[in-house]
Amino acid sequence: MKNGIFWLGMFVLFMGSLGFAQNAKHPRVVELEKTLSREALEVLKGRFPDKPFLVNVRIDPMMRDRKSSSGVGGERLPYYEISEEEVVDEWDDPNVPVLALINRVRKIQVNMSVPAQLSDEEISELKSSVIYNLGLVEARDSVEVNKRNWNAFNLPKDNSFDWSILGYGMGAWILIMAGLLFITWLGTNRLAQSIQDSAISQKGNGNGGGGIVNATINATGGSGGDSGKAANFGSADLKLQDPIKNREIIASGLKILDSHQNFPNLEDMLILQKAAEERPNDLGALLSEFPFELRQRLFSYSFGEKWMEVMIDPSDVTSFSLEILNRCLKIQRNETDRDWLNLLIYVWRLNSHKKEFFNGIPQADAFSILFFLPKSFAIEAARESFPGAWGQLLDPTFTVKKLGKEKTKEYTEKAIRIAPLRDLAVLENYKNERELLGFLKVSDPVAEKEIYLASGDSSILWSIRPPFFKVFELNGDEYDKLVGRFKIEEWAMAMFNVGRVERREIEKRMSDKQKFRYFEMLKSYDMKNPAKSRVGEIRESVGKIIAEIQAESAGESALETKSAA
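Caption draft 1: Layout of the confidence of the model for the protein chain. Of the residues in the protein chain, 79% reach a pLDDT of 70 or more, and the chain-wide mean stands at 78. Between the elements of the protein chain, mean pLDDT differs from a low of 56, seen in helix α1 (residues 2-23), to a high of 93, seen in helix α11 (residues 338-348). This model gives residues 18-22 a pLDDT under 50, and the stretch forms zero contacts once residues within four places in sequence are excluded. Confidence drops under a pLDDT of 50 for residues 202-211, and excluding neighbours within four residues, the segment shows 20 contacts in the predicted structure.

Right, dumping it as C-alpha cells:
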C-alpha cells in the first residue's frame, strides 16, 4: 500500500513538471514582452509624468513546427541533414532583432492599469498612442485599460539637510547664468553689426530699395547693383528652409518689383545671368514663382544653354533663391525710358556677336552705348571695333549723352536682327533633344557629324552645342585663329582617336616643341584612355570657339560687301 502511494506521488510530480516545461515561455518571447512593456510605460509617462501606471504585456508567439525537419512521420533518416545544423525558427535566431519578431506573433495583449482620475478621452488617447508606438495591429492585438484608485504614498520626513545638494545647485545656477550672459553678449554684437551693415548698404543704394527683410538674408556680397562685379551666390549666412515662408517673402518681393516700370533693367539681367551660370536650379525655383508673362519676358532676354536648365529643372525655393531676389530689390532704378533699357539688354545679350553689331556704327553712337554697359563687355567690344579709341572708356572724366529715340529704335532693330529674342517654344525642342546632347558629349566625330546632318540646319543642336566636326572643315585663316586658343594638352585630348589626315591642319600650326609634347600625350592616351566625359567637354569647347570665329568671319565679309557696294 505504501509503495503504491509512493509511485502515485512520483507520477503526479512527473506529470506536473512535464506540464510546466511545456508551458515555459521562450526566452526571446520574455525579452520581447519586457521591451514592449518598457515602450508602453515611456508612452504613458511621456503623457502623464506625475501619474502612476502599470503595464503588462503578453505575447502568443507563432512558432514553426520543428517536426517538419525530420523525415516522413518524424522518422529520422540515416543520411546527414543540413537542416539539423540550421536555425529552424526565427525565435531561435540570435541575429534577428527583438522588435522584428513582432511579425512572428499570433496576438499581443497589453493590460494597462491607470489612475481612476483620468477621463475617458485621456484613456482613449493613451490607448491609441500605445497601439501606434508599439506597432500593434488593431484587428489582431488588444489593449485593455483598467482604472485603479491609487493613493499617493506619504514619504517620511527627514529633518536633516544635505548641504552638498545646495552646493551643486548653486554651481549649476552660476554656469547657466554665465552661459546666458555670453549668449546675450554674442547676440547683441551680431545684431549691432547687422544693423550697421544694413545702414551702410541702404546709404550706398540711394533710392534703390533695401531688399527683403534683412533678417531673412544676411548676404555678405554687398549691393547687387554693381554691374562690374559678379554676384557670389553662396555667401548667405542664414539659410531658410521653410518653403511656405520663402514663398511668402518672394510674393512680397514680386509686388515691389512689379511696381517698378523699369524692371528688368541691365543690372537685373546681369544678376540673373550670373545666377543661371552658378545656380540654375535655384534661379528656376525663383522664376517659377513669377507671373507667366514676366517669366516669358525674362527668358526672351536671356542667352546660353544654362537658361534652358533654369526653365526646365527648377528646384524647391531655397535661401539662395531669396538672395537672388534680394539683390534685384537693392538695385537703383532712376532710369524710366523702357526703350533705352531694352537696347542695353539687347546689346549685352549679343555676347560673341558684339563685333558684328558695332561694326558700321559711328564711334560716338557706339561709345554712348558702351559707356552704360559692363566694363568687361565694353572694353572688349571697343578694342575689337575701335582699336585706337577704346582707352576713353577708362578715363574717369569721359562722359556721353544718351541716344535719341530714333537711333535707339534703329540700333534696337539691328541687335534683334543679329540675335532674335527667345521664345518659350525653344524649350520643347530642348526637352526632346537633351538626351541627344548627352550622347554627343561621348560620341566620336564621325557619329557626331552624322547626327548633326540628320537633325537638319533648323535643329536646336547647332545653337546649343556647336559641332566639333567643323574643326576638320576650316580654312587656313580660321585654323590660325583657332589653334592658339587651346593648350597643347587640350588639343591632344580633343584629337584622341582621330586619324592622322584629319589632324594634319592642326598639327601644322604647332612648333617643334609643341609637337613633341603633343605626340607624347597622344601615346600616353593610347596606353590609358582618357575619360570620355573630359574629351567631350574639350571638344564642346572647341566647337563653341569655332562658331565664334565663323560668326566673326561672316560679319567681316558682310561689312566688306557693304563697303564695296
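Don't stop here, the text continues.
Caption draft 2: Representation of the sheet that holds strand β1 (residues 54-61) within the structure. Ordered in space as β1-β2-β3, the three strands form an open sheet in which the pairing is mixed. At either end of the open sheet lies a strand with only one pairing partner, and these are β1 and β3 (142-148). Each adjacent strand pair in this sheet contributes to an overall mean axis angle of 15°, direction not counted. Lying over the sheet, helix α2 (residues 27-47) contacts β1 and β2 (105-115), oriented at roughly 145° with respect to β1. Against the sheet, helix α3 (residues 120-134) engages β2 and β3, with an angle of about 145° to β3.

Caption draft 3: Focus on the packing of α2 against α3. Direction vectors running N to C along α2 and α3 enclose 140°, while the axes themselves pass 10 Å from each other. With respect to α3, the element α2 is oriented oblique. For α2 against α3, the interelement crossing comes out right-handed. Here α2 contributes L36, E39, A40, V43, L44 and R47 to the contact with α3, which in turn contributes E122, E125, L126, S129, V130, N133 and L134. Of the residues belonging to the contact of α2 with α3, the class tally is seven nonpolar, two polar and four charged.

Caption draft 4: Summary view of the side chain of T412. Within the fold, T412 resides in helix α15 (residues 405-418). In contact with T412, not counting residues within four places along its chain, are D339, L343 and Y346.

Caption draft 5: Structural detail: the pairing of β1. Burial of the side chains of β1 is restricted to one face: V55, V57, I59 and P61 are buried, whereas none of L54, N56, R58 and D60 on the reverse face is. Bridging between β1 and β2 involves eight bridges; their strand directions are antiparallel. Pairing of V55 across the sheet is with M112, part of β2.

Caption draft 6: Structural detail: the packing of aromatic side chains. Enumeration over the complete set of coordinates arrives at 16 aromatic pairs. Between F357 and F358, the ring centres sit 5.0 Å apart and the planes meet at 85°, which makes this aromatic pair edge-to-face. Residue F357 is classed as buried on the basis of its relative accessible area, which comes to 0%. Taking the relative accessible area as the measure of exposure, F358 reaches 1% and is therefore buried. Aromatic pair Y518 and F519: ring centres 5.2 Å apart, planes at 70°, arrangement edge-to-face. A relative accessible area of 34% places F519 in the partly exposed class.

Caption draft 7: Geometry of α11. For α11, a buried count of 10 out of 11 residues is recorded, marking the element as mostly surrounded by other parts of the structure. The complete set of buried residues in α11 reads R338, W340, L341, N342, L343, L344, I345, Y346, V347 and W348. Buried residues in α11 make contact with α6 (266-278), α8 (292-300), α12 (354-358), α13 (363-370), α14 (375-385) and α15. At the N-terminal boundary of α11, the capping side chain belongs to D337, with an oxygen 3.2 Å from the backbone nitrogen of D339.

Caption draft 8: Just the nonpolar core, in detail. By size, the foremost hydrophobic cluster in this structure holds 74 residues, and its most contacted members are L283, F357 and L370. Counting 29 residues, the second largest nonpolar core, distinct from the first, contains V43, F48, F53 and L101.

Caption draft 9: Quick look at helix α19 (residues 476-483). By the burial criterion, the buried members of α19 are E478, Y479, L482 and V483. The buried residues of α19 occupy one face: seen down the axis, they fall within an arc of 120°. Where α19 begins, one side-chain oxygen reaches toward the backbone nitrogen of D477, 3.3 Å away; that side chain belongs to N475.

Caption draft 10: Representation of the side chain of N265. On the secondary structure map, N265 appears in the loop between α5 (243-258) and α6. Within the structure, the side chain of N265 is placed 3.1 Å from the backbone nitrogen of E267, a separation counted as a polar contact. In contact with N265, other than residues within four places in its own chain, are I331, Q332, R333, L341 and I345.

Caption draft 11: Representation of the pairing of β3 in the model. As paired elements, β2 and β3 share seven bridges and run parallel to each other. Across the sheet, residue S113 finds its bridge partner in β3, namely N146. The parallel pair β2 and β3, bridged by α3, forms a crossover whose chirality is right-handed.

Conventions and cut-offs
- Residues numbered from 1 in each chain as written.
- Predicted model: local features only at pLDDT ≥ 70, side-chain atom pairs only at ≥ 80, totals over all residues.
- Heavy atoms only, no water.
- pLDDT = per-residue confidence, 0-100.
- Helix = DSSP H or I, 4+ residues; strand = E, 2+ residues; numbered from the N terminus.
- Contact = heavy atoms within 4.5 Å.
- Pairing = 2+ DSSP bridges.
- Axes fitted to C-alpha atoms, helices over the stretch in contact; angles between N-to-C directions.
- Parallel < 35°, antiparallel > 145°, perpendicular 65-115°, else oblique.
- Left-handed = near helix turned anticlockwise from the far one by under 90°.
- Nonpolar A, V, L, I, M, F, W, Y, C, P; charged D, E, K, R; others polar.
- Buried < 20%, exposed > 50% of the residue type's maximum accessible area, 1.4 Å probe, protein only.
- Phe/Tyr/Trp six-rings, centres within 6.5 Å; stacked < 30°, edge-to-face > 60°.
- Polar contact = N/O pair within 3.5 Å; in protein donor to acceptor, adjacent residues only side chain to side chain.
- Core = buried A, V, L, I, M, F, W, Y, C linked by side-chain atoms within 4.5 Å.
- Arc of directions from axis to C-beta.
- Right-handed = clockwise from strand over helix to strand, strands pointing away.

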